[in-house]
Amino acid sequence: MTHLWVRAEQRPNEDRVGLTPEGAKALLDAGIKVTVEESSVRAIPLQGYIEAGCEIAPENSWPAAPAEAIIFGLKELPEDGSPLPHRHIMFGHAFKGQHSGKALLERFKAGGGTLYDLEYLVDETGRRVAAFGYWAGYAGAAVTLKTWAAQQRGEICGPVGVYGGKDALLAELGAELDALSADRPTAIVIGALGRVGTGAADLCEAMGVKVTKWDMAETASGGPFPQILEHDLFLNCIFARPGTPVFVPREAMAADRKLTAIGDVACDPDSDYNPVPVYDHATTWDQPALRVAESPVLDVMAIDNLPSMLPVESSDDYAAQLLPSLLTLTDLDSGVWGRAKATFEEHLPK
């Protein structure tokens, strides 16, 4: 019997989950065994999974799960170097040149396991079957606006946290912007036609921010792109890959510019293809903004788990998108799973 083991998340500030109780019930009805770990942080209460009929396991007990279990989580595993013998479904961040991903692949090679990377679950046309992108863009734009607002007060952005819902986020952010003497800033979103860019633009427009929306057509020249520096905010919503142009080069830090806040929602600072090479590490919930220049000021927001600021909305949305694929877990050799396995094998160290 196919056995899906939903692990607790071990990353700080990660309250999301990729399977709701309703989805778990659908899997059980389809003959798939579902085990859900207890979690001290998960936004969706455990009781719903109990009522759905799932088996419950202790928090972080997945390393001792049966060998045939498919371990399902969202964010990365603890970087303890241990071999990984199970099949894992998660965001591995291992196939685009990320340096930390190379160590992860070595762990799979050592243990004989397989990574079905959620970013590489794609349909026949190559389109991802599920993504958190919209809420990443939405929350990322919010924190970038908070970064800009802090600059107007002569400060750097303070800690951010979890919101009970988007209305609470909008109310808080609106009050913060209204308290400023400055007019609303201008923003440019690159990747505006995608899920991430749509979320970023929607948040900006909800806050009365004028948005310039760019996508592939506007960036096809490969740059440079001086127009980016003519906006107060730049929101990068394009994931790094070979051929991605550089949007804000290092020399922009000393340039004459209006730009003071970058929201790198895609957040690939350790990729060889980072299109925003003015910074080299992700920011955190405790320190959301990294100051990379002083005259004029330039701050970068690059939090890598932004949707967890709105964990209920983002979990519900993502789980609904992913469920049809989870229902096909009984056949891991074809469809989205077969394609994901082929991608893993292509990148596995020889």
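Residues numbered from 1 in each chain as written. Predicted model: local features only at pLDDT ≥ 70, side-chain atom pairs only at ≥ 80, totals over all residues. Heavy atoms only, no water.

Draft legend 1. Quick peek at the sheet that holds strand β8 (residues 210-214). Read across the open sheet, the 6 strands follow the order β8-β7-β9-β10-β12-β11; overall the sheet is mixed. Two strands lie at the open edges of the sheet, namely β8 and β11 (289-294), each paired on one side alone. Strand-to-strand twist of the sheet, defined as the mean angle between neighbouring strand axes without regard to direction, takes the value 20 degrees. As defined by bridge partners, strand β7 (residues 186-190) adjoins β8 across 5 bridges and the pair is classed as parallel. Among the inter-strand pairings, valine 189 is bridged to a residue of β8, identified as lysine 213. Where helix α4 (residues 133-152) meets the sheet, its contacts fall on β9 (233-236), β10 (261-264), β11 and β12 (297-301), and the angle it forms with β12 comes to roughly 155 degrees. Packing of helix α6 (residues 195-206) onto the sheet brings it into contact with β7, β8 and β9, and relative to β8 it is tilted by some 165 degrees. (Pairing = 2+ DSSP bridges. Helix = DSSP H or I, 4+ residues; strand = E, 2+ residues; numbered from the N terminus. Axes fitted to C-alpha atoms, helices over the stretch in contact; angles between N-to-C directions. Contact = heavy atoms within 4.5 Å.)

Draft legend 2. Structural context of the pattern of salt bridges. For the coordinates displayed, the defined rule picks out 15 salt bridges. Of the charged contacts in the structure, one is a salt bridge between lysine 146 and glutamate 172, with a shortest N-O distance of 3.1 Å. A residue pair is termed long-range when its members are at least 10 positions apart, and lysine 146 in helix α4 and glutamate 172 in helix α5 (residues 166-178) qualify at 26 residues. Residue lysine 213 is joined to glutamate 205 by a salt bridge in which the shortest nitrogen-to-oxygen separation is 3.1 Å. Glutamate 205 gets classed as partly exposed once you look at its relative accessible area, which sits at 41%. Here the salt bridges do not stand alone but share partners, grouping Lys146, Arg153, Glu155, Glu172 and Glu176 into one network. (Salt bridge = Lys/Arg side-chain N within 4 Å of Asp/Glu carboxyl O. Buried < 20%, exposed > 50% of the residue type's maximum accessible area, 1.4 Å probe, protein only.)

Draft legend 3. The pairing of strand β6 (residues 114-117), seen in detail. Residues Thr114 and Tyr116 point to one face of β6 and Leu115 and Asp117 to the other, with burial holding for every one of them. As paired elements, strand β5 (residues 87-90) and β6 share 4 bridges and run parallel to each other. Residue methionine 90 lies in a different strand from β6, and its bridge partner there is aspartate 117.

Draft legend 4. How the structure looks around the side chain of histidine 231. Checked against the element boundaries, histidine 231 lands in the loop between α7 (216-219) and β9. A polar contact of 2.9 Å, which involves the side chain of histidine 231, links it to the backbone oxygen of glutamine 227. Histidine 231 has contacts with Thr186, Ala187, Ile188, Thr212, Lys258 and Leu259, leaving out every residue within four places of it along the chain. (Polar contact = N/O pair within 3.5 Å; in protein donor to acceptor, adjacent residues only side chain to side chain.)

Draft legend 5. Quick peek at unusual backbone geometry. Here the residue pair glycine 223 and proline 224 is connected by a cis peptide bond, since its omega of 5 degrees sits within 30 degrees of zero. Structurally, proline 224 can be placed in the loop between α7 and β9. Going from serine 295 to proline 296, the amide bond is cis rather than trans, its omega being -5 degrees. Assignment of secondary structure puts proline 296 in the loop between β11 and β12. Of note in this structure, asparagine 60 is not a glycine but carries a positive phi near 60 degrees. On the accessibility criterion, asparagine 60 (33% relative accessible area) is partly exposed.

Draft legend 6. Region of the structure containing helix α3 (residues 99-111). Among the residues of α3, Gly101, Leu104, Leu105, Arg107 and Phe108 are the ones counted as buried. Around the axis of α3, the buried residues are gathered within 150 degrees of arc, so they sit on the same side. On the buried face of α3, the contacting elements are β5, β6 and α9 (335-347). One or two residues past the end of α3 sits glycine 112, with phi positive at roughly 85 degrees. (Arc of directions from axis to C-beta.)

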